[in-house]
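# Structure at a glance
Read off the chains here:
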Protein chains: 2
Amino acid sequence: MVKGQGSLFGPDAEEESEGVSKKRRSKKANDGSETAKPSRGSGGSRKTAEAMAKSQREISVSEFFTKNRHLLGFDNPRKALLTAVKEAVDNSLDACEEAGILPDLLVEIRQLQGYDDRYTVIVQDNGPGIVKAQVPNIFGKLLYGSKFHRLKQSRGQQGIGISAAGMYGQLTTGNPVRITSRTGKRAKAHYFEVRLNTSKNKPEFTDEERESDFDHGTRVEIDMQAEYRRGMRSVDEYLKQTAVSNPHVRLTWNDPNGNTIVYERGTDELPQETKEIKPHPHGIELGLLIKMLSDSNERTLHAFLQTEFSRVSAKVSHDICDIAKLSTRAHPKRIARAEADRLHAALGKVKIMAPPTNCIAPIGEAVLLAGLQKEIKADFYTASTRPPAVYRGNPFIIEAALAYGREGDTMEVTDEGKILTRKKAASHETELLGNADEAIRLVRFANRVPLQHQQSACAITKGVISVAWKNYMLSQPKGALPIGPMVLIVHIASVWVPFTSESKEAIASYPEILKELKLAVQECGRKLATHIRKGKRIATEYMKRDYIATYLPHIGLGLQEILGISDEVRDNDVAILTDVLERTRKV
Amino acid sequence: MVKGQGSLFGPDAEEESEGVSKKRRSKKANDGSETAKPSRGSGGSRKTAEAMAKSQREISVSEFFTKNRHLLGFDNPRKALLTAVKEAVDNSLDACEEAGILPDLLVEIRQLQGYDDRYTVIVQDNGPGIVKAQVPNIFGKLLYGSKFHRLKQSRGQQGIGISAAGMYGQLTTGNPVRITSRTGKRAKAHYFEVRLNTSKNKPEFTDEERESDFDHGTRVEIDMQAEYRRGMRSVDEYLKQTAVSNPHVRLTWNDPNGNTIVYERGTDELPQETKEIKPHPHGIELGLLIKMLSDSNERTLHAFLQTEFSRVSAKVSHDICDIAKLSTRAHPKRIARAEADRLHAALGKVKIMAPPTNCIAPIGEAVLLAGLQKEIKADFYTASTRPPAVYRGNPFIIEAALAYGREGDTMEVTDEGKILTRKKAASHETELLGNADEAIRLVRFANRVPLQHQQSACAITKGVISVAWKNYMLSQPKGALPIGPMVLIVHIASVWVPFTSESKEAIASYPEILKELKLAVQECGRKLATHIRKGKRIATEYMKRDYIATYLPHIGLGLQEILGISDEVRDNDVAILTDVLERTRKV
């Protein structure tokens, strides 16, 4: 028996505490018959179960997200602008790539006449367009799309993004989303105005045929309350980073001040096409397995296992059934609860090949390094791509790349053997690479999309912090990013990226993901350490050489005084000493 | 015209950069006719708009949250256990309070026989019970409930929590949720087994009449994959904190190891009953206003404004219509878009009383201080409750309370005038109050529910960090919590708490909320500073007294030697000097 105590802050319930009753565990303690009466003074305010039942009702998912629009990235006008652009660009790039078209995008933001705080966001692509019947649902219904139910890497995955942007526009300006879509030269373009009925989560729309100045593609226009400002976490920065992680994209950006920036292609090759895969047996949940069994059209467990999962061969299927003590000829729909439990355990135990990697398209070390080298003049560049791994049945790949140290910087070695990098760089370069005595700059990508908010809540940040950077010659405050003139890029590519919220700003901290993040960053770190150590050796050598040049002549004079030797002998001895010291110095 | 450049990291797009094309803004740049052809080698992989349309479909909200279960707080087995208990307890307390019943809760966790990693969570209350027809929806459907559509403080608000816990249980064990509910002595208890069909977000269930050993109330049992561990962020800690912030609750806690803790009531009074309110005109969104206008049954704008909003009197309504240049007799449903825009602007401009506070029930300074004083032996306690404020039309109140410094600790003043507190406390007390050289302990509550995860992402943490603690005599590392032996409690009570995710672990950073958080904490901080300064004065005095006692006798001896006076005269002079110095010291 333990004493109850009501301790607010104590980590340990066994502590003594006064004035709290002690009570044996008893069923009577809970029938609550004495306290069951309503205790409100007036007595009239007691609500019965029947009264409460009347107010119970379904909540539409749009109502939910209207109230919780910060979950979708529409917390404030500035972030809302970025989120809207991001969702539209993600969709355009996904559509172009799926259709095998090299993307050519226009992004434009215009201030709405007569308003200080309202803008129109326009995103237009040269993709395949959207068939007429789908437009209203795609733009006027939350949780609708083609990417949710498949296992394949894409930027969008939730079926929320673009309709949420439209919903936010409607909420803050009352205006509908305007879509022009054309599926090919022979088809006419269609123009839609779509509103989202939030009570029903259903679109309301008008549409008409229209002339368009493009052969195929989609153009979206959303009016919204917004704030346009450049700098960190701006639309400008997002588009820049997108251009770098997607060198196959041509992007024209018209900002509200009338400036145009064109990001030309770095390559005419589309990224490797990703294939849709079946779930991997490792990490699949029991409930999902039960659902798959009952949904399956296969007639035997043997066929079910081979068809519904990736990497399950006939042999593996036999192994699984053996371990689970089930017949390979059992009918999937007739597997009982206890049997499913055994089957689930067996899936976890059997040795199975790692998941196929053709469902994932990493950015690649070459592209990452090229991006870094183009932007940053640094002493040292390195990159590392991990082999694919699995979390909850979903394959993923982690890539990391870093740039360290400024070209032309001088180095100093402190008394403790630490290296200080003297800043010689121009001020804008300092901003790129960061100061030598500030935290490194971390740039995060998920499925090629730059992540700009919620850095501290992101598994990528946590993974980088969890690395012992002292081993790699960087100082690191407790629980923080390491210190140094360094940019670190980390990319996670997966068939399903587990974001911490619907706004897709940070990655959830699944242990498998954290582990891979750490390994990728450590690989870069080891190469960095080798580089820094080499630099340190050179710096130390220079210091020793300085000592020799400074002190040996004086030692020569001292020797001459003590031994009474000639100037010639003295100079000769000093030369010999210098030679000997130089040789030992080189060790 | 600005040059394009594809800079990955640059904060400034105006920088020069080589090898990037310059291009005039032109419409032609975007018709993409040269690049529109599919570029895949095989040519067979191009997906048309028609092909893509086939895979477009609706995503059920349960499917969405099954994949994203970390959004609901079911990231890992340990957190899942806490989340399930929390959701069930929240519902029980809400139900009891609405029915005017003093809550008497049983919380029990049992290990499931035959499994290391499966537990049964049981929560039973003495509330009003749930009518038969509602049980399946409440426990087997996400986004269903009575609390979402009203503006009134309650613990639950989303209609997701308990059904999500059941869904997680089903996903990890395959077992249904079991509910026993009884609405009164005259009714029989009903027993349900509920499963959630995730493809349809609909319940599937069996039910039967059963005997029960309680007159009225609800009992929920969920089997789930889980991990039971005590310490920080455990079920134990959550229940302790719940007992303190809800002193009207009696709570029996049976842990998996067979221990029972009973938290007895501190009071027999229920918290002030909260009233449902209408939205406040300040901060309401245009889209919502338009929806309210078209949904309203009122026939004039005048009636609409007074009925649908709180704090709008006839006079205020006239003022609003005047500013908006609209007739008070206009029909709400016939207000045009541009008129709604003007009405919206007018709502923001007119002077209106702060929202009513009877929709919110703060914990209260007395209860907060009592909780602190009961648990922590400190030198100083203070609390502060802010007047109600509004964010996005939702009233809220911030309360803060703190305990500082350990009783019996000695104080030291350093050369810089800083105070160090020497630890004298027993080790468990140190854990309660924290070490003098570590960050303060921050305890967060939202609508009386303790928040245990995601501290760094929470607006409460950000608000506390944004305070310049140096003004209040505490040192504070940049961007971090202040340092010192202190516990700080912050509570936000609102009709709608804007959580950063569906798991309700952290508050979103709305500017209005951050501002109030800061003000509440500053109020406590000012009182703390006065206390610390007093302590510092005393410490300085003690130091001066020490100097006097140490050095004056020696000065006496010196004087005697120089002046050749008698012992008697010397002692007399020393006494006079001591007196004089003591008097100046007291200034």
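Residues numbered from 1 in each chain as written. Chains lettered and ligands numbered in written order. Predicted model: local features only at pLDDT ≥ 70, side-chain atom pairs only at ≥ 80, totals over all residues. Heavy atoms only, no water.

Secondary structure summary: chain A contains 15 helices and 18 strands in total. Taking all 587 residues of chain A together, 58% fall into the buried category. At a minimum sequence separation of 6, the contacts of chain A that also span at least 24 residues come to 69%. Approximately 25200 Å² of chain A is accessible, and the part contributed by carbon and sulfur atoms is 50%. (Helix = DSSP H or I, 4+ residues; strand = E, 2+ residues; numbered from the N terminus. Buried < 20%, exposed > 50% of the residue type's maximum accessible area, 1.4 Å probe, protein only. Contact = heavy atoms within 4.5 Å. Areas by Shrake-Rupley, 256 points an atom, 1.4 Å probe, with all protein chains shown as cover.)

Quick look at the packing of helix H5 (residues 161-173) of chain A against helix H7 (residues 286-295) of chain B now. Running from N to C, H5 of chain A and H7 of chain B cross one another at 75 degrees; their axes reach a closest spacing of 4 Å. One way to sum up the angle between H5 of chain A and H7 of chain B is to call them roughly perpendicular. Here Gln170, Leu171, Thr172 and Thr173 of chain A of H5 of chain A come into contact with H7 of chain B, specifically with Leu286, Gly287 and Leu288 of chain B. (Axes fitted to C-alpha atoms, helices over the stretch in contact; angles between N-to-C directions. Parallel < 35°, antiparallel > 145°, perpendicular 65-115°, else oblique.)

Quick look at unusual backbone geometry now. Residue and element names in this part refer to chain A. Phi angles above zero are rare outside glycine, and Leu143 is one such case at about 60 degrees. Positionally, Leu143 belongs in the loop between helix H4 (135-140) and strand S4 (144-145). A positive phi angle, close to 55 degrees, is found at Lys504, a residue other than glycine. Looking at the secondary structure, you find Lys504 in the loop between strand S18 (486-494) and helix H14 (511-563).

Residue and element names in this part refer to chain A. Strand order across the open sheet formed by eight strands is S7-S6-S5-S8-S3-S2-S9-S10, with mixed pairing between neighbours. Edge strands, defined here as strands with exactly one partner in the open sheet, are strand S7 (202-210) and strand S10 (260-263). Within this sheet the neighbouring strands show an average axis-to-axis angle of 15 degrees, counted without direction. Note: strand S5 (residues 177-182) against strand S8 (residues 217-225), five bridges, orientation antiparallel. (Pairing = 2+ DSSP bridges.)

Time to look at the sheet that holds strand S3 (residues 118-124) of chain B. Whether parallel or antiparallel, the strands of a sheet pair through hydrogen bonds between backbone atoms. Residue and element names in this part refer to chain B. Reading across from one edge, S7-S6-S5-S8-S3-S2-S9-S10 is the order of the eight strands in this open sheet, with mixed pairing throughout. Looking at the sheet topology across the chains shown, the edges are occupied by strand S7 (202-210) and strand S10 (260-263). Strand-to-strand twist of the sheet, defined as the mean angle between neighbouring strand axes without regard to direction, takes the value 15 degrees. Contacting strand S2 (104-111), S3 and strand S8 (217-225), helix H3 (residues 77-98) runs over the sheet at an angle of about 155 degrees to S2.

Bringing the side chain of Asn246 of chain A into the picture now. Residue and element names in this part refer to chain A. Structurally, the position occupied by Asn246 is in the loop between helix H6 (235-245) and strand S9 (250-254). Of the polar contacts made by the side chain of Asn246, one reaches the side chain of Ser245; its length is 3.2 Å. Those residues in contact with Asn246 that sit more than four places away from it in its chain are Leu93, Glu97, Arg155 and Arg448. (Polar contact = N/O pair within 3.5 Å; in protein donor to acceptor, adjacent residues only side chain to side chain.)

Attention now moves to the pairing of S7 of chain A. Bridge analysis of strand S6 (residues 189-197) of chain A against S7 of chain A gives nine bridges, and the strand direction is antiparallel. Along S7 of chain A, the bridge assignment pairs Glu193 of chain A with Thr206 of chain A.

Residues and elements named next belong to chain B. Burial analysis of strand S9 (residues 250-254) places five of its five residues in the buried class, the great majority of the element. Alternating positions in S9 separate into two faces, Arg250, Thr252 and Asn254 on one and Leu251 and Trp253 on the other, with burial throughout. Alignment of S2 against S9, held across five bridges, turns out to be parallel. Across the sheet, Val107 pairs through a bridge with Trp253, a residue of S9.

Before going further, it helps to examine the packing of aromatic side chains. Scanning all chains against the criterion turns up 20 aromatic pairs over all chains. Where Phe64 of chain A meets Phe65 of chain A, the ring centres are 5.1 Å apart and the plane angle is 75 degrees; that geometry is what we call edge-to-face. Among the residues examined, Phe64 of chain A registers a relative accessible area of 1% and is labelled buried. Taking the relative accessible area as the measure of exposure, Phe65 of chain A reaches 2% and is therefore buried. Chaining the aromatic ring pairs together yields one cluster made of Phe64 and Phe65 of chain A together with Phe148 and Trp496 of chain B. (Phe/Tyr/Trp six-rings, centres within 6.5 Å; stacked < 30°, edge-to-face > 60°.)

The next point concerns the pattern of salt bridges. Overall, the coordinates contain 64 salt bridges over all chains when judged by the stated rule. Note that Glu221 of chain B and Arg219 of chain B form a salt bridge whose closest N and O atoms lie 3.0 Å from each other. Classification of Arg219 of chain B as buried rests on a relative accessible area of 17%. Note that Arg570 of chain B is salt-bridged to Asp567 of chain B, the shortest N-O span being 3.9 Å. Taken together, the positions of Arg570 of chain B and Asp567 of chain B, both in helix H15 (residues 567-585) and three residues apart, correspond to about one turn of that helix. Through salt bridges with shared partners, a single ionic network connects Asp94, Glu97, Lys147 and Arg155 of chain A. (Salt bridge = Lys/Arg side-chain N within 4 Å of Asp/Glu carboxyl O.)

With that out of the way, let us pick up the side chain of Asp104 of chain B. Residue and element names in this part refer to chain B. Secondary-structure assignment places Asp104 in strand S2. The class for Asp104 is buried, based on a relative accessible area of 3%. Among the polar contacts listed, one links the side chain of Asp104 to the side chain of Arg250, at a separation of 3.3 Å.

Moving on to a nonpolar patch on the surface. Residue and element names in this part refer to chain B. On the surface, a cluster of nonpolar side chains totalling about 460 Å² of accessible area is made up of Met543, Tyr547, Tyr551, Ile555 and Leu577. When residues of the nonpolar patch are assigned to their parent elements, the largest contribution, four residues, is made by helix H14 (residues 511-563). With respect to the helices, strands and loops of the structure, Ile555 is situated in helix H14. (Patch = residues over 30% accessible without salt bridge, like charges linked within 9 Å, V, L, I, M, F, W, Y side chains within 5 Å.)

Turning our eyes to something else, we now look at the packing of helix H8 (residues 301-308) of chain B against helix H9 (residues 314-324) of chain B. Residue and element names in this part refer to chain B. Where H8 meets H9, the axes come as close as 9 Å, and the angle between the chain directions of the two elements is 125 degrees. Considering their axes alone, H8 and H9 lie oblique with respect to each other. H8 and H9 meet at a crossing whose hand is right-handed. Within the contact between the two elements, H8 uses Leu301, His302, Leu305 and Gln306 and H9 uses Ala314, Ser317, His318, Ile320 and Cys321. (Left-handed = near helix turned anticlockwise from the far one by under 90°.)

To continue, consider helix H11 (residues 365-375) of chain B. All of the buried residues along H11 of chain B are Leu368, Gly371, Leu372 and Glu375 of chain B. Take H11 of chain B and look down its axis: the buried residues cluster within an arc of 95 degrees, on one side only. (Arc of directions from axis to C-beta.)

Side chains that are three or four residues apart share a direction in an α-helix, a result of its 3.6 residues per turn. Of the positions making up H7 of chain B, those classed as buried are Leu286, Gly287, Leu289, Met292 and Leu293 of chain B. Buried residues belonging to H7 of chain B abut strand S3 (118-124) and H5 of chain A together with H8 and helix H10 (337-349) of chain B.

What follows concerns the confidence of the model for chain A. Residues and elements named next belong to chain A. Per-residue pLDDT for chain A has a mean of 84; in total, 86% of the residues score no lower than 70. Taken element by element, chain A is modelled with least confidence in strand S14 (residues 410-413), mean pLDDT 43, and with most confidence in S3, mean pLDDT 98. Scored below 50 in pLDDT, residues 1-7 shows 36 contacts in the model against residues more than four places distant or in partner chains. Long-range and interchain partners of residues 10-44, a stretch whose pLDDT sits below 50, account for 72 contacts in this model, where long-range means more than four residues apart. Among the scores for the predicted complex, ipTM is 0.79 and pTM is 0.81. (pLDDT = per-residue confidence, 0-100.)

With that settled, the discussion passes to the environment of Val350 of chain A. Residue and element names in this part refer to chain A. The topology assignment puts Val350 in the loop between helix H10 (337-349) and helix H11 (365-375). Sequence separation of Val350 and Ser317 is 33 residues, and the distance between their C-alpha atoms is 9.3 Å. What Val350 contacts, discounting residues up to four positions off in sequence, is His282, Val316, Asp319, Ile320 and Ile323.

By the element assignment, Ala446 of chain B lies in strand S16 (residues 441-446). Considering only alpha carbons, one finds Ala446 of chain B and Phe499 of chain B, 53 residues apart in sequence, at a separation of 9.4 Å.

Residue and element names in this part refer to chain A. By the secondary structure assignment, Arg182 is in strand S5. The class for Arg182 is buried, based on a relative accessible area of 13%. For Arg182 and Phe214, which are 32 residues apart along the polypeptide, the C-alpha to C-alpha distance reads 7.8 Å. Residue contacts for Arg182: discarding those within four places in its chain leaves Pro128, Gly129, Ala187, Lys188, Ala189, Ser212, Phe214, Asp215, His216 and Gly217. Within the structure, the side chain of Arg182 is placed 3.2 Å from the side chain of Ser212, a separation counted as a polar contact. Among the polar contacts made by the side chain of Arg182, one reaches the main-chain carbonyl oxygen of Phe214 at a distance of 2.8 Å.

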